[in-house]
Amino acid sequence: MMETIGLYNYWVVVVLMMTGFYIVVARDNLIKKVIGLSIFQTSVFLLFISVGKVEGGTAPIIAEGFEVYSNPLPGVLILTAIVVGVATTAVALGLVVRINEEYGTIEETEIHRQDAEA
Amino acid sequence: MIENHLPILQILVPLIAAPLCLLLRNRVAVTALAIAATWVTFAISVALMATVLQQGPISYELGGWAPPWGIEYRVDILSGFVLVLVSGIGALVATWSPTSISVELPRYERHYLFYCAYLLCLTGLLGIIITGDMFNVFVFLEISALSSYVLISMGQDRRALTAAYSYLIMGTLGATFILIGIGLLYIMTGTLNMADLAVRLQGVIDTRTVIVAFAFLIVGVSLKMALFPLHLWLPNAYAYAPSAVTAFLAATATKVSVYLLLRFFFTVFGYGFAFDRMQLWIFLMPLALIGIVTASLVAVFQNNIKRMLAYSSVAQIGYMVLGISFASVSGLTGGIVHLFNHGLMKCALFLAMGCIVYRCGSVHIDEMRGLGRTMPWTMAAFVAGGLSLIGVPMTVGFISKWYLVKAALEQGLWPVAVLILFSSLLAAVYIWRVVEVAYFEEPSAVEGEGSIREAPLSLLIPMWVLVVAIFYFGVTTKFTAGIAQQAAESLLGVAP
């Protein structure tokens, strides 16, 4: 029981991941889909960062009196992944702006209706 | 001295050329730079392939940091083979593109943005192939994906935008799934280097975390390679993107994902885990077969020919995955050789579509009446690509289907062999629809200066290089099938 609660950050990851995924699948609004996608990606960042933490460990800088260090690698990896995530969001929002210019809407059903008419 | 650094140059040349396009801006200079960079990249990949064939796999330590701590670039026979395909197609399409995009990107005066995204996409695809580091795979995957969303959204039709958007959503989900899989593997082993991972994974192979990682990687890669039923992003993306982009992506992007599937499941997890313990073929083979038949059937009813060829691509991905799911030397050889061969023929077919768009402005089947007479060379190239898609002897398509049918019969799966032949018939049906309209109907009545002429030589020559390659590799199989077989043997671990 205690172990399950002690690993609470993994539960946060799972809840965030499913929330984001649900928004991507269920929402009609293209901006909301992008938000869902960002939440989904962020949950994975949390997963990586949680992994890097070593209990009782400090920042990985060699100093007197410290024996245990956290693993710095996952954090570094996620720095890259965050950049990728920002770029993805930027491209997605750029596309939404262009879609709004062309269709006059960002509701998916409305866009499908216009395409079906054309 | 420089030849020791070829693996990194393979990535650096297009990567540095891309921002240079933004600085140069001048249309002629940018075009010349892009074409030169892609041909240099192709030359490097040929040199790498030759070295691998003579001396065995090359390992390159990035920045002099020894693996597994540093990032390793690794060229073995399989990655060398796919590098040659991707960079070769990249160079040919870049040479073909200036004439085409002058018509297809009229609203984007800034052609330099096109070439910048194109070179970045090429960088990403080559990077996925050459790297031996799991996290590096994810980064290159996103480089190629982000630039391909931009490239697709440059299409003239406004549906290109929605196609690019849904590709972005699906592609990002797929890449994030791959990232989760990589993360879980890192948790269990503490390493990201593929070769090191393969060794350490064997100690923890029976844990649930590894099995979950395996599942995430399968779904992620299947999304990226548009395996049925995760192919929904592909038809619209290919149909509405500019022709040069379609030809490039159709011949390379999904193939690189198939390569990734091979890398993950044979090199990292190992044949024993993926196929004996997890029984991966039970999952892959039915999906591949359903994909082959349904996508071919849907292709028969398409009136937009680019869309028809896109559905045919989904079916062809099915053939590659089918070959992999046999997990035998001839099956894998068939899958790998089809990866190469399909790249050649689908690129030729989409380039022919691009020539038709250049002259007629549309690839609707009604617009193609009588094109056999007005654009004989373009349509001849289309027929050559089509014959290869069907799998007629003397073309590359025959070679791949030969290996696939052989693999099916070796395992006594004759219904699978029958399905392969049946779907070739479907391919014959959808190719014939175009041939019938183009050769047996009168050209639509347009007189005077508006009449349709043959495409210019700058479009015809790169396209015909591919057509010649289709027949050349259809007769001489030493390079393609020979290398594919060696790659299959090394993946299965039966080679010395």
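What you see is a predicted model; the values in this text were computed from it and never measured.

**Q** Even after reading the chapter, I still don't get the overall build of chain B, so can you show me in this structure?
**A** Along chain B, the regular secondary structure elements total 20 helices and two strands. Once the C-alpha set of chain B is aligned to its principal axes, its extents read approximately 75 × 55 × 40 Å. In chain B, the proportion of contacts linking residues at least 24 apart, taken out of those at least 6 apart, comes to 79%.

**Q** Can you walk me through the overall build of chain A in this structure?
**A** Within chain A one finds five helices and zero strands. The order of helices and strands in chain A, counted from the N terminus, is α-α-α-α-α. Against the compact-globule benchmark of 13 Å for 118 residues, chain A has a radius of gyration of 20 Å, which places it well outside the compact range. Overall, the C-alpha framework of chain A stretches about 70 × 35 × 15 Å when taken along its three principal axes. Relative to all contacts within chain A whose residues are 6 or more apart in sequence, the contacts with residues 24 or more apart total 44%.

**Q** Honestly, the environment of L141 of chain B in this entry has me stumped. Any pointers?
**A** Residues and elements named next belong to chain B. Following the sequence through the fold, L141 ends up in helix α5 (residues 134-153). In this structure the C-alpha to C-alpha distance between L141 and Y472, which are 331 residues apart in sequence, comes to 32 Å. Those residues in contact with L141 that lie beyond four places of it in its chain are G124, I128, A175 and I178.

**Q** Mind showing me how you'd approach helix α20 (residues 480-492) of chain B here?
**A** Residue and element names in this part refer to chain B. Under the 1.5 Å per step criterion, the end-to-end length of α20 is 18 Å for 13 residues, consistent within 8% with the ideal 18 Å. Among all positions in α20, only T480, A481, I483, A484, Q485, A487, A488 and L491 are buried. If you follow the buried residues of α20, they end up packed against α3 (77-104), α10 (243-268), α14 (329-360), α17 (396-410) and α19 (457-475).

**Q** For this particular structure, what's the right way to read the nonpolar core?
**A** Side chains that are nonpolar tend, in soluble globular proteins, to be buried together. Residues and elements named next belong to chain B. Counting residues in each nonpolar core, the largest one holds 228 residues, and the members touching the most others are L119, A164, C347, A348 and M463. In terms of residue count, helix α6 (residues 159-189) provides more of this core than any other element does, 19 residues in total. Sequence-distant contacts of L119, that is, excluding residues within four places in its chain, are made with P14, A17, A18, C21, A34 and A37.

**Q** Teacher, can you tell me more about the environment of V96 of chain A here?
**A** The residue V96 of chain A is located in helix α4 (residues 73-103) in this model. Other than its neighbours up to four places away in sequence, V96 of chain A contacts L30, I31, V34 and I106 of chain A.

**Q** Teacher, can you tell me more about the interface of chain A and chain B here?
**A** Size of an interface, as often reported, equals the accessible area lost when the parts are brought together. Counting residues at the interface gives 25 residues for chain A, matched by 22 residues for chain B. Residue assignment for the side of chain A that touches chain B shows that the elements contributing at least two residues are α3 (30-52), α4 and α5 (108-117) of chain A.

**Q** Please explain the environment of L371 of chain B as it appears in this structure.
**A** Residues and elements named next belong to chain B. Tracing the backbone shows L371 in helix α15 (residues 371-374). Residue L371 is classed as buried on the basis of its C-beta count, with 26 C-beta atoms lying within 10 Å. As for L371 and A438, which are separated by 67 residues in sequence, their C-alpha atoms are 4.8 Å apart. Non-local contacts of L371, meaning those with residues more than four positions away in its chain, are made with I356, M379 and A438.

**Q** It is not clear to me how unusual backbone geometry should be interpreted in this structure. Could you clarify?
**A** For residues that are not glycine, phi is negative in most cases, and the peptide bond is trans in most cases. Residues and elements named next belong to chain B. At the junction of F228 and P229, the peptide bond is cis and its omega measures out at 0 degrees in the coordinates. On the secondary structure map, P229 appears in the loop between α8 (208-225) and α9 (234-240). Despite not being glycine, A226 has its phi angle at roughly 60 degrees, a positive value. Summarising the element assignment, A226 is placed in the loop between α8 and α9. The class of A226 is buried, set by 28 C-beta atoms lying within 10 Å. In this structure, A327 is a non-glycine residue whose phi angle is positive, near 55 degrees. Checked against the element boundaries, A327 lands in the loop between α13 (305-326) and α14. Since 24 C-beta atoms lie within 10 Å of it, A327 is described here as buried.

**Q** Teacher, can you tell me more about α17 of chain B here?
**A** Every α-helix carries 3.6 residues per turn, so stepping three or four residues along brings you back to the same face. All names here are of chain B. The terminal C-alpha atoms of α17, which comprises 15 residues, lie 22 Å apart, in line with the 21 Å expected from a rise of 1.5 Å per residue. Of all the residues in α17, the buried ones are V396, G397, I399, S400, K401, Y403, L404, V405, A407 and A408. Elements that come into contact with the buried residues of α17 comprise α13, α14, α16 (376-390), α18 (414-440), α19 and α20.

**Q** It is not clear to me how the confidence of the model for chain B should be interpreted in this structure. Could you clarify?
**A** It should be kept in mind that the predicted coordinates are not to be read in detail where pLDDT is low. All names here are of chain B. Overall, the prediction assigns chain B a mean pLDDT of 88, with 97% of residues at 70 or greater. Per-element confidence in chain B is highest for α5, whose mean pLDDT is 93, and lowest for helix α11 (residues 271-277), whose mean pLDDT is 78. At the level of chain-chain contacts, confidence expressed as ipTM amounts to 0.93, with global pTM at 0.92.

**Q** Would you explain the packing of α3 of chain A against α6 of chain B in this entry?
**A** A pair of packed helices can be characterised by two numbers: the angle between their axes and the separation between those axes. In contact at an axis separation of 10 Å, α3 of chain A and α6 of chain B are set at 10 degrees when each is read in the N-to-C sense. Judged by the inter-axis angle, α3 of chain A sits roughly parallel to α6 of chain B. Of α6 of chain B, the residues touching α3 of chain A (which contributes L30, K33, L37, F40, Q41, V44, L47, F48 and V51 of chain A) are Y165, I169, T172, T176, L179, I180, G183 and I187 of chain B. Its residues placed into classes, the contact of α3 of chain A with α6 of chain B shows 12 nonpolar, four polar and one charged.

**Q** I would appreciate a short explanation of the packing of helix α4 (residues 111-130) of chain B against α5 of chain B in the present structure.
**A** All names here are of chain B. Closest axis-to-axis distance for the α4/α5 pair is 8 Å, and the angle between their directions is 150 degrees. Taken together, the axis directions place α4 and α5 in an arrangement best described as roughly antiparallel. You can see that α4 and α5 cross each other, and the crossing is left-handed. For the pair formed by α4 and α5, the contact residues are A117, Y118, L120, C121, T123, G124, L125, G127 and I128 on the first element and V137, F140, L141, I143, S144, S147, S148, V150 and L151 on the second.

What counts and what doesn't
- Residues numbered from 1 in each chain as written.
- Chains lettered and ligands numbered in written order.
- Predicted model: local features only at pLDDT ≥ 70, side-chain atom pairs only at ≥ 80, totals over all residues.
- Helix = DSSP H or I, 4+ residues; strand = E, 2+ residues; numbered from the N terminus.
- Contact = placed C-beta atoms within 7 Å.
- Rg over C-alpha atoms; globule rule 2.2 N^0.38 Å.
- Expected span 1.5 Å × (residues − 1).
- Buried ≥ 20, exposed ≤ 12 C-beta atoms within 10 Å, placed from the backbone.
- Core = buried A, V, L, I, M, F, W, Y, C linked by C-beta atoms within 7 Å.
- pLDDT = per-residue confidence, 0-100.
- Axes fitted to C-alpha atoms, helices over the stretch in contact; angles between N-to-C directions.
- Parallel < 35°, antiparallel > 145°, perpendicular 65-115°, else oblique.
- Nonpolar A, V, L, I, M, F, W, Y, C, P; charged D, E, K, R; others polar.
- Left-handed = near helix turned anticlockwise from the far one by under 90°.

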